[in-house]
Amino acid sequence: MDGQYLPMSEAKISVLDWGFLHSDATYDTVHVWNGRFFRLDLHLDRFFGGVERLRMKVPYDRETIVSILKDCVALSGHRSAYVEMICTRGSSPTFSRDPRQAENRFIAFAIPFGSVANKEQLEKGLHVAISETVRIPPNSVDPAIKNYHWLDLVKGLFDAYDRGAETALILDTNGHIAEGPGFNVFVVKDGSLRTPAFGVLPGITRRTVFDLCAEIGLSATAADIARAEIKAADEVFITSTAGGIMPVTRIDDAAISNGQVGSVTRRLMDLYWRKHDDPAWSTAVIYP
Ligand code: PLP
């Protein structure tokens, strides 16, 4: 933060930062698994794309950001970490309300790896509720700019808890399935995969599922998924940097198929984690 490395407990921003006051920020999260970043280049591409579209400026070039992220992980000592890079609008030294006057701020941190699903949920599959909440439309906030506009997702999460489920899926503006708090979703039907195309963050794990499917000859497409279709799927899984590929075996009050984690999901989960030490997909952290 502001050119210094600090213990997490000391990393604090001003309450006047528009990242905090207006959610005027973009970020990206990459994970480190067994001492290696997974698909760091794709995360950096998405981060720099968001920064540009928000007309912000990061005071470092790409190479410097890579070394900052590596330093954060190396200094923290975490072998498996959740690594976040953030650019906030910052604030204006003259209290101007004009965002062009703000001094943008770059922050990066590394904390222990965390997952949307715990160990038991990864083995048995998650119970997900479909909330009536509509995800903020893409013509309001471009979902390709990874953002903290999460009030819809948080509302969905509380709806899910109220109904005894573990997490939520919320809808797009046409009433189709969109995404959940920090994850994309896939359905498997008759051996083919589908994930929503509209109004969702283009997740790097989602992209990785497409790449893995291409490698093993499975068909995967991005297209609308109706509520009835997800419930009638053979398999459902969610994808996130926070947890990878995670099975869903129950939606609302009904089991998906026979209620067990399906074979396509298991195969992709296995392949996904095996790619984490492949140098074509991962980058080493150099620890002191
Ligand atoms: N959708 C939303 C709203 C997210 O916040 C995230 C990750 O934080 C995802 C999807 C999954 O994206 P990724 O696979 O890049 O982690």
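Okay, so let's go over this structure. (Residues numbered from 1 in each chain as written. Predicted model: local features only at pLDDT ≥ 70, side-chain atom pairs only at ≥ 80, totals over all residues. Heavy atoms only, no water.)

### As for the packing of helix α6 (residues 204–216) against helix α8 (residues 263–274)
Stated formally: The convention used is that axes are lines fitted to C-alpha atoms, helices contributing only their stretch in contact, and that angles between N-to-C directions extend from 0 to 180 degrees. Here a strand is any run of E in DSSP of at least two residues, a helix any run of H or I of at least four, and the numbering for each starts at the N terminus. Here is the rule for angles: anything less than 35 degrees is roughly parallel, anything more than 145 is roughly antiparallel, 65 through 115 is roughly perpendicular, and the remaining ranges are oblique. In what follows, residue pairs with any heavy atoms lying within 4.5 Å of each other are defined as contacts. In this classification, the charged set is Asp, Glu, Lys and Arg, the nonpolar set is Ala, Val, Leu, Ile, Met, Phe, Trp, Tyr, Cys and Pro, and all remaining amino acids, among them Gly, are polar.
Direction vectors running N to C along α6 and α8 enclose 105°, while the axes themselves pass 10 Å from each other. Between α6 and α8, the angle falls in the class roughly perpendicular. Residue-level inspection shows T205, T208, V209, L212, C213 and I216 of α6 in contact with α8, the latter providing R267, L268, L271 and Y272. Within the contact of α6 with α8, the residues separate by chemical class into seven nonpolar, two polar and one charged.

### Structural notes on the nonpolar core
Threshold: Each nonpolar core is a collection of buried residues, namely Ala, Val, Leu, Ile, Met, Phe, Trp, Tyr and Cys, held together in the definition by side-chain atoms within 4.5 Å. Each residue is assigned to one of three classes by its accessible area relative to the maximum for its type, calculated with a 1.4 Å probe on protein chains only: buried under 20%, partly exposed between the two thresholds, exposed over 50%.
Counting 25 residues, the largest nonpolar core has V32, F37, F47, L69, V73, V83 and F106 as its most contacted members. Element by element, the count of residues in this core is highest for helix α3 (residues 62–76), at seven residues. In contact with L69, not counting residues within four places along its chain, are F37, L40, L44, V83, E84, M85 and A108. Formed by 19 residues, the second largest nonpolar core is a distinct cluster that contains I130, F183, I238 and I251.

### What about the site of the ligand?
Our working definition: Put simply, a residue is near a molecule or strand once any heavy atom of it comes within 4 Å of that molecule or strand. Within 3.5 Å is the distance limit for a polar contact, defined as a pair of N or O atoms, with the added protein rule that one can donate a hydrogen and the other accept it, and that residues adjacent in sequence qualify only through two side-chain atoms. Shrake-Rupley sampling with a 1.4 Å probe provides the accessible areas, and residues are treated as covered by the protein chains on show and by no other component.
Inspection of the region around the ligand gives 17 residues, with K146, E179, I204, T205 and T241 positioned closest. Between a nitrogen atom of the ligand and a side-chain N or O atom of E179, the distance comes to 2.7 Å. Separating an oxygen atom of the ligand from a side-chain N or O atom of T241 is a distance of 2.7 Å. Taking 390 Å² as the accessible area of the ligand by itself, protein coverage stands at 94%. Residue assignment for the shell around the ligand shows that the elements contributing at least two residues are α6 and β10 (235–240). Tallied by class, the residues present in the shell around the ligand amount to six nonpolar, seven polar and four charged.

### Topic: the pairing of β10
For clarity, the threshold we go by: Paired strands, in this sense, are two strands between which DSSP finds at least two bridges.
Counting buried positions along β10 gives six out of six residues, so the element sits mostly inside the fold. As paired elements, strand β7 (residues 184–189) and β10 share five bridges and run antiparallel to each other. Pairing of V185 across the sheet is with I238, part of β10. Sheet topology places β10 next to strand β11 (residues 244–251); five bridges connect them, and they run antiparallel. Across the sheet, residue V236 finds its bridge partner in β11, namely V248.

### Some details on the packing of aromatic side chains
For the record, the criterion: We call Phe, Tyr and Trp rings a pair once their centres come within 6.5 Å, taking the six-membered ring for Trp, and we label the pair stacked below 30 degrees between planes, edge-to-face above 60, and tilted otherwise.
This structure, assessed with the given rule, holds 13 aromatic pairs. Ring centres of W33 and F113 lie 5.0 Å apart, and the angle between their planes is 65°; this geometry places the pair in the edge-to-face category. Linking W33 in strand β1 (residues 25–33) with F113 in the loop between β4 (103–112) and α4 (119–124), this pair joins segments that are 80 residues apart in sequence. When its relative accessible area of 27% is taken as the criterion, W33 is described as partly exposed. Both rings, one in F113 and one in W273, keep their centres 6.3 Å apart while their planes meet at 80°; by these two values the pair is edge-to-face. A residue pair is termed long-range when its members are at least 10 positions apart, and F113 in the loop between β4 and α4 and W273 in helix α8 qualify at 160 residues. Taken together, the ring pairs connect W33, F38, F113, Y272, W273 and W281 into an aromatic cluster.

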